[in-house]
Structure formats: structure tokens, C-alpha cells
Amino acid sequence: MSAPQILVVDDNRELADNLAELLEDAEYAVTVAYDGPSAIAAAKRQRFDAVLTDIRMPGMDGVELIRELQAMNLATNYFLMTAYASDVVLAEAVRSGVQAILNKPFELGLLLQSLPRSATKVLLVEGHPLAEVMSEALHRRGFRTTAAALPVDARRSLDEAPPDAAVVDLDLGDVECAELTRDLVARAIPVVMVGSGATTRELPEFARALPTRAYRFLVKPFDTEALLVSLRSLLRAQQGAA
């Protein structure tokens, strides 16, 4: 599992840096921004599993920042930090969909209980536009994704950043996808195989030699829930075998 990505936003630089250090000690990957525009720029560069922002900041307050991030379709958990805020501002924050409002100074343990503990990394070996659809759906359920348009592209990333699971579209090439799937399973990376057409209505011949706990097979079109169930089932089976 990869470390969850946390964005900390506070114009109090000392407080923001100290909080970031504490979160890093708790094995989170932390990015710090000292104002709203910088936070938005950071969110455009990468995806975050949680955003912790102060409410009272010059220029753009925390509630306004959350609205801007939501307008970017940033699917994440939002936490507001405050030493003082009116009932009107707090009510507005709640309507914005924040996970929690933390009164400064707050105990780190309370925050850690609410933050995501890990992000499961999934390699999507799939062409557009299905890769984008699957990636967005998985992001909203707490997964982190890496996309590869072809099996050869996927192989380049295996040694650098091995995923926790993979989704392989068999329509990209029978031989190449079969070899990639066997390689993933050999590395103890579970695989969801997907395919369409008469040739993939049944389990491919090569997959019958694989351990059943190492793969699932879905026929296109399938819904997001079927993919999520398959991934979670595989990950549970892998943990049970460990």
C-alpha cells in the first residue's frame, strides 16, 4: 500500500510545518501550502487523499478553498482547522461536506483516527476512455491509480512502482496481455481481467493455469460496483494467503 497523500493548508507557516512533520512521522506523505491559491495549484498537480485547511486565511478562507477544490471534482476527505469561527461559518462549512471540524489546538490522535490509513494502488492497463472512467470511479472509493495504454507501457512501471493490484484489458492483445497477467501473478499482484466480444465471454485458456485466488474475470460492459467487488475480493484473498 502506498502512503496516503495529505495536503495541509494554513497561513501560519510554523503550525503548518509542524503538523506536516507530525503527519510524516505517522507515515503520511504531506504537501504544505500557505494559502488557497497555492493549495489549488498543488491539487492540479496531484491527487490528495485528504485536505486539512485552516478556516481563517487572508484572501481565500478554508470554506472557499474547499468549494474551489470541489469544483475541480477533487474527490477527497476535507478537514477544517480553526481557533475561532462564527456559527454561520461553521454551518457553511458543514454544508460544504467537510469530514470534521477540528478546534485548535487539537490532539493529533483525534485527527489520525479520521484520516485514511492507506491508499491501494491499482495499475490500469486499459485504453481511453474506459481508463479515465475506471480511474475516476476508483479514486472516489479511495484507490490510487496508474494508467498504461499498452502492456509494454505497464511493464515499464512494475519495477519502479509495483501496484497492489491490476486491471488488464485483454482486448489490447491476446499474447501480450496473457504474458503480462502471468508476470503480475508471479509477482503476487492480483489481476482483474476484462474483455469484450465472443472470444472473451469465457475464461481465457491461459488463465485456467493461474491460482483462482489471483484473478477475477469481468465481461464488458460491467458496472463500477462489480469492479470494486472484484478488487476488494482479490486483496482480501491475498491478505489471507500472506
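Residues numbered from 1 in each chain as written. Predicted model: local features only at pLDDT ≥ 70, side-chain atom pairs only at ≥ 80, totals over all residues. Heavy atoms only, no water.

1. Here we look at the overall build of the protein
- Counting its secondary structure elements, the protein contains 9 helices and 10 strands.
- When each of the 242 residues of the protein is scored for burial, the buried share is 47%.
- Across the protein, every contact between residues at least 6 apart in sequence was considered, and the portion connecting residues at least 24 apart equals 67%.
- On the protein, roughly 12,200 Å² of surface is accessible, and the fraction owed to carbon and sulfur atoms is 50%. (Helix = DSSP H or I, 4+ residues; strand = E, 2+ residues; numbered from the N terminus. Buried < 20%, exposed > 50% of the residue type's maximum accessible area, 1.4 Å probe, protein only. Contact = heavy atoms within 4.5 Å. Areas by Shrake-Rupley, 256 points an atom, 1.4 Å probe, with all protein chains shown as cover.)

2. A word on the sheet that holds strand E3 (residues 50–54)
- Strand order in the open sheet made by the 5 strands is E2-E1-E3-E4-E5, with parallel pairing throughout. Looking at which strands have only one partner, the edges of the open sheet turn out to be strand E2 (29–33) and strand E5 (100–103). Ignoring strand direction, the axes of neighbouring strands in this sheet form an average angle of 20 degrees.
- When strand E1 (residues 5–9) meets E3, the two strands line up parallel, connected through 4 bridges. Note on E3: the bridge partner recorded for Ile6 is Ala50.
- Seen against the sheet, helix H1 (residues 13–25) touches E1, E2, E3 and strand E4 (77–82) and runs at an angle of roughly 170 degrees to E2. (Pairing = 2+ DSSP bridges. Axes fitted to C-alpha atoms, helices over the stretch in contact; angles between N-to-C directions.)

3. Observations regarding the packing of helix H7 (residues 151–158) against helix H8 (residues 174–186)
- Where H7 contacts H8, the axes come no closer than 10 Å and their chain directions differ by 20 degrees. When the axes of H7 and H8 are compared, the pair comes out roughly parallel. At the point where H7 passes H8, the crossing takes the left-handed sense. Facing Pro151, Ala154, Arg155 and Leu158 of H7, the residues of H8 in contact are Glu176, Cys177, Glu179, Leu180, Asp183 and Leu184.
- Of the residues in the contact of H7 with H8, the class split is 6 nonpolar, no polar and 4 charged. (Parallel < 35°, antiparallel > 145°, perpendicular 65-115°, else oblique. Left-handed = near helix turned anticlockwise from the far one by under 90°. Nonpolar A, V, L, I, M, F, W, Y, C, P; charged D, E, K, R; others polar.)

4. Examining the pairing of E2
- With 5 bridges connecting them, E1 and E2 associate as parallel partners. Paired with Gln5 across the strands is Ala29, a residue of E2.
- Each parallel crossover has a hand, and for E1 linked through H1 to E2 it is right-handed. (Right-handed = clockwise from strand over helix to strand, strands pointing away.)

5. Examining the side chain of Glu126
- Among the secondary structure elements, Glu126 is positioned in the loop between strand E6 (121–125) and helix H6 (130–140).
- The side chain of Glu126 is buried and forms no salt bridge, while Lys220, the nearest opposite charge, is found at 4.1 Å.
- In this structure Glu126 touches Ala131, Met134, Ala148, Ala149, Asp169, Leu172, Val194 and Lys220, once residues within four positions along its chain are discounted. (Lys, Arg positive; Asp, Glu negative; His and termini not counted. Salt bridge = Lys/Arg side-chain N within 4 Å of Asp/Glu carboxyl O.)

6. A short note on the environment of Lys121
- Here Lys121 shows up in strand E6.
- A relative accessible area of 17% places Lys121 in the buried class.
- Sequence separation of Lys121 and His139 is 18 residues, and the distance between their C-alpha atoms is 10.0 Å.

7. A closer look at the nonpolar core
- Formed by 21 residues in total, the largest nonpolar core has its most connected members in Leu123, Val168, Leu180, Leu184, Met193 and Phe206.
- Put simply, the parts of the chain that give this core at least two residues each are E6, H7, strand E8 (165–169), H8 and strand E9 (191–195).
- The leading source of residues in this core is H8, at 5 residues.
- Core analysis: the next-biggest nonpolar cluster, separate from the first, contains 19 residues, Leu7, Val9, Ile66 and Val98 among them. (Core = buried A, V, L, I, M, F, W, Y, C linked by side-chain atoms within 4.5 Å.)

8. Side note on the sheet that holds E6
- Strand order in this open sheet of 5 strands is E7-E6-E8-E9-E10, and the pairing throughout is parallel. Either end of the sheet is taken by a strand with one partner, and the two such strands are strand E7 (144–148) and strand E10 (215–219). Sheet twist, expressed as the average angle between the axes of neighbouring strands with direction ignored, equals 20 degrees.
- Sheet topology note: the E6/E8 ladder contains 4 bridges and is parallel. Its bridge partner lying in E8, Val122 is registered against Ala165.
- Across the sheet, H7 lies against E6 and E7, angled at about 155 degrees from E6, the strand it touches most.
- Packing of H8 onto the sheet brings it into contact with E6, E8 and E9, and relative to E8 it is tilted by some 170 degrees.

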